[in-house]
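# Overview (structure and organization)
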Amino acid sequence: MKELEEKILEEGIVIGPNILKVDSFLNQQIDSELILKMGKEFAQYFKDKNIDKVLTVESSGIAPALATALELGVKCVFARKQQSLTTGENVYHSSVYSFTKQVTNELIVSKNFLKEDENVLMIDDFLANGQAAKGMVALIRQAGANPVGLGIVIEKSFSDGREIIKDMGIDLYSLARIAKLEDGEITFVKED
Ligand code: 5GP
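Predicted, not measured: the structure shown is a model, and the values here were computed from it.

Cut-offs and rules
Residues numbered from 1 in each chain as written. Predicted model: local features only at pLDDT ≥ 70, side-chain atom pairs only at ≥ 80, totals over all residues. Heavy atoms only, no water. Phe/Tyr/Trp six-rings, centres within 6.5 Å; stacked < 30°, edge-to-face > 60°. Salt bridge = Lys/Arg side-chain N within 4 Å of Asp/Glu carboxyl O. Helix = DSSP H or I, 4+ residues; strand = E, 2+ residues; numbered from the N terminus. Near = heavy atom within 4 Å. Polar contact = N/O pair within 3.5 Å; in protein donor to acceptor, adjacent residues only side chain to side chain. Areas by Shrake-Rupley, 256 points an atom, 1.4 Å probe, with all protein chains shown as cover. Axes fitted to C-alpha atoms, helices over the stretch in contact; angles between N-to-C directions. Parallel < 35°, antiparallel > 145°, perpendicular 65-115°, else oblique. Left-handed = near helix turned anticlockwise from the far one by under 90°. Contact = heavy atoms within 4.5 Å. Nonpolar A, V, L, I, M, F, W, Y, C, P; charged D, E, K, R; others polar.

A full pass over the atoms with the stated rule returns 4 aromatic pairs. Where Tyr45 meets Phe46, the ring centres are 4.8 Å apart and the plane angle is 80°; that geometry is what we call edge-to-face. Through pairs of rings, three or more aromatic residues link up here, namely Phe42, Tyr45, Phe46 and Tyr173.

Dropping the structure here:
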């Protein structure tokens, strides 16, 4: 998505080893117009998948997930993150290790909001090593629902995430794909 790539080049800041900070339009302040365009783009790509629900992880996935759900005319559910194991009875849960934050979170979602046989589209802000996505897939499978696609705002294509998702047979669509984050410079994957 050209407009997103331009925004990343204008406002993205490379910090630490291979970490991109985009809190001026995605991770803290949200560019509402751009988010709505992302929702349209995801909805257009996944429109033939008979999506019943959009699932994301709090907090940065919520805005693009909501924009997508709105376009598709379905509900948006977000998994909550918890660091301790105080899980109640009526929930699905899975463990996710974050390399960025170096913590293990539990993803939790109420059994009331994911149902058997539903086609679920997952949306998240970043794809790196695929751990958050794997956690969402685990929640969906516990419910007996179908993980039919994954929409990612920014994919770090130099990490393993894409391969992990493809190996699970899940349709992956990323709006921006980063090939390299080196010496403060952002290079996108050249699409054919
Ligand atoms: P994964 O689970 O695929 O390894 O990492 C994805 C999650 O880690 C995303 O939900 C996002 O919150 C976080 N993340 C990974 N890489 C980055 C990054 O470069 N910048 C930011 N802001 N978040 C990241």
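Attention now moves to the pattern of salt bridges. Counted under the stated rule, the structure contains 10 salt bridges. A salt bridge links Asp31 to Lys7; the shortest N-O distance between them is 3.2 Å. Of this pair, Asp31 sits in the loop between strand 2 (19-21) and helix 2 (32-45) while Lys7 sits in helix 1 (residues 2-11), and the two are 24 residues apart along the sequence. The salt bridge involving Lys49 is made with Asp171; its shortest N-O contact spans 3.3 Å.

Before going further, it helps to spend a moment on the site of the ligand. Around the ligand, the structure places 15 residues, and the nearest of them are Leu20, Ala128, Asn129, Gly130 and Ala132. Take Asp124: an N or O atom from its side chain is 3.0 Å from an oxygen atom of the ligand. Here the ligand, which alone exposes 500 Å², has 88% of that area covered by the protein. For the shell around the ligand, the secondary-structure elements that each account for two or more residues are strand 2, strand 7 (119-127) and helix 4 (131-142). Among the elements that line the shell around the ligand, the one with the most residues is strand 7, at 4 residues.

It is worth spelling out the packing of helix 2 against helix 3 (residues 62-72) at this point. Remark: helix 2 packs on helix 3, axes separated minimally by 7 Å, with the N-to-C direction vectors making an angle of 55°. If you check the angle between helix 2 and helix 3, you find them oblique. When the axes of helix 2 and helix 3 are compared, the crossing they make is right-handed. Together, Ile35, Leu36, Gly39, Lys40, Phe42 and Ala43 of helix 2 and Ala63, Pro64, Ala67, Thr68, Glu71 and Leu72 of helix 3 make up the contact between the two elements. When the residues that make up the contact of helix 2 with helix 3 are grouped by side-chain class, the tally is 8 nonpolar, 2 polar and 2 charged.

On their own, these measurements won't tell you what the molecule is for.
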